Amino acid sequence: QVQLAESGGGLVQAGGSLRLSCAASGRDFSNDAMGWFRQAPGKEREFVAAIRRGGGSTYNADSVKGRFTISRDRAKNTQYLQMNSLQPEDTAVYYCNADPSFYRVREGAADYWGNGTLVTVSS
C-alpha cells in the first residue's frame, strides 16, 4: 500500500522551531518530486515548499522564505521541512505530497498525499 506519513508536528512558542518529516512507503519515490502544503482553520490549503526529484532545486512560498527549508533523503524515501522563527500565522495542518511531476506537486495536484500533522504556534 502506497502511503505518506507526516510526523513532527506539535505545539511551539512563537520564535521556535520544528522539523517535520514525511516518510513515503509502498513504492520507490526517489524519482518523484515532493512537497508540503498547509491548511489553516477556515482557510484554503496553500503551497509551502517543493523539491525536485534530484533534490538540487527547492521552491518556497514567499510567506516562508528565509524561515523554512525543505530537504529530502532519497535513499530513505523521506522528505523534511525545517521550520524556524515560527509565528502564530504558521499554525495549520501540514500535508506532504509526492508525484512524478514537479508541476503537479507544486500546484497541489499530486497523486500521493499524507494525512497531515498539526502545527500550533502560540504567541
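Everything below is about the structure shown above.
Now for a quick tour of the structure.

### Here's the deal with the overall build of the protein chain
Part 1 of the argument: Across its full length, the protein chain holds one helix and 11 strands.
Part 2 of the argument: Sequence-ordered secondary structure for the protein chain, helices as α and strands as β, is β-β-β-β-β-β-β-β-β-α-β-β.
Part 3 of the argument: Radius of gyration (C-alpha) of the protein chain: 13 Å, near the 14 Å computed for a compact globule of 123 residues.
Part 4 of the argument: Along the first, second and third principal axes, the C-alpha atoms of the protein chain reach 40 × 30 × 25 Å.
Part 5 of the argument: Going through the 123 residues of the protein chain one by one, you find that 44% of them count as buried.
Part 6 of the argument: Within the protein chain, residue pairs in contact and separated by at least 24 positions form 58% of the contacts whose partners lie at least 6 positions apart.
Part 7 of the argument: Positive and negative side-chain charges of the protein chain, numbering 14 and 12 respectively, have mean locations separated by a distance of 4 Å.

### Examining the pairing of strand 4 (residues 33–39)
Walk down a regular strand and you will see the side chains alternate between the two sheet faces.
Part 1 of the argument: Judged by how many residues are buried, strand 4 sits mostly within the fold: six of seven residues are covered.
Part 2 of the argument: In this structure, strand 4 lies alongside strand 9 (residues 92–99), joined through seven bridges in antiparallel fashion. Bridge pairing in strand 9 links alanine 33 to aspartate 99.
Part 3 of the argument: Remark: six residues form the turn of the hairpin made by strand 4 and strand 5 (residues 46–51), two consecutive strands paired antiparallel; glycine 42 in that turn has positive phi of roughly 75°.

### Brief notes about the sheet that holds strand 3 (residues 18–25)
Part 1 of the argument: An order of 1-3-8-7 is seen for the four strands of this open sheet, with the pairing classed as antiparallel. Each having just a single partner strand, strand 1 (3–7) and strand 7 (68–73) make up the two edges of the open sheet. Strand-to-strand, the axes of this sheet are offset by a mean angle of 15°, without reference to chain direction.
Part 2 of the argument: In the sheet, strand 3 pairs with strand 8 (residues 78–83) via six bridges, with the strands oriented antiparallel. In the sheet register, cysteine 22 faces strand 8, and the bridge partner there is glutamine 79.

### Comments concerning the pairing of strand 7
Part 1 of the argument: The side-chain alternation of strand 7 yields one buried face, formed by Phe68, Ile70 and Arg72, and one unburied face, formed by Thr69, Ser71 and Asp73.
Part 2 of the argument: Across six bridges, the pairing between strand 7 and strand 8 is antiparallel. When the bridges of strand 8 are listed, phenylalanine 68 appears paired with methionine 83.
Part 3 of the argument: Linking two consecutive strands that pair antiparallel, namely strand 7 and strand 8, is a turn of four residues; a positive phi of about 55° is found at asparagine 77 within it.

Parameters at a glance
Residues numbered from 1 in each chain as written. Predicted model: local features only at pLDDT ≥ 70, side-chain atom pairs only at ≥ 80, totals over all residues. Heavy atoms only, no water. Helix = DSSP H or I, 4+ residues; strand = E, 2+ residues; numbered from the N terminus. Rg over C-alpha atoms; globule rule 2.2 N^0.38 Å. Buried < 20%, exposed > 50% of the residue type's maximum accessible area, 1.4 Å probe, protein only. Contact = heavy atoms within 4.5 Å. Lys, Arg positive; Asp, Glu negative; His and termini not counted. Charge placed at Lys NZ, Arg CZ, Asp CG, Glu CD. Pairing = 2+ DSSP bridges. Axes fitted to C-alpha atoms, helices over the stretch in contact; angles between N-to-C directions.

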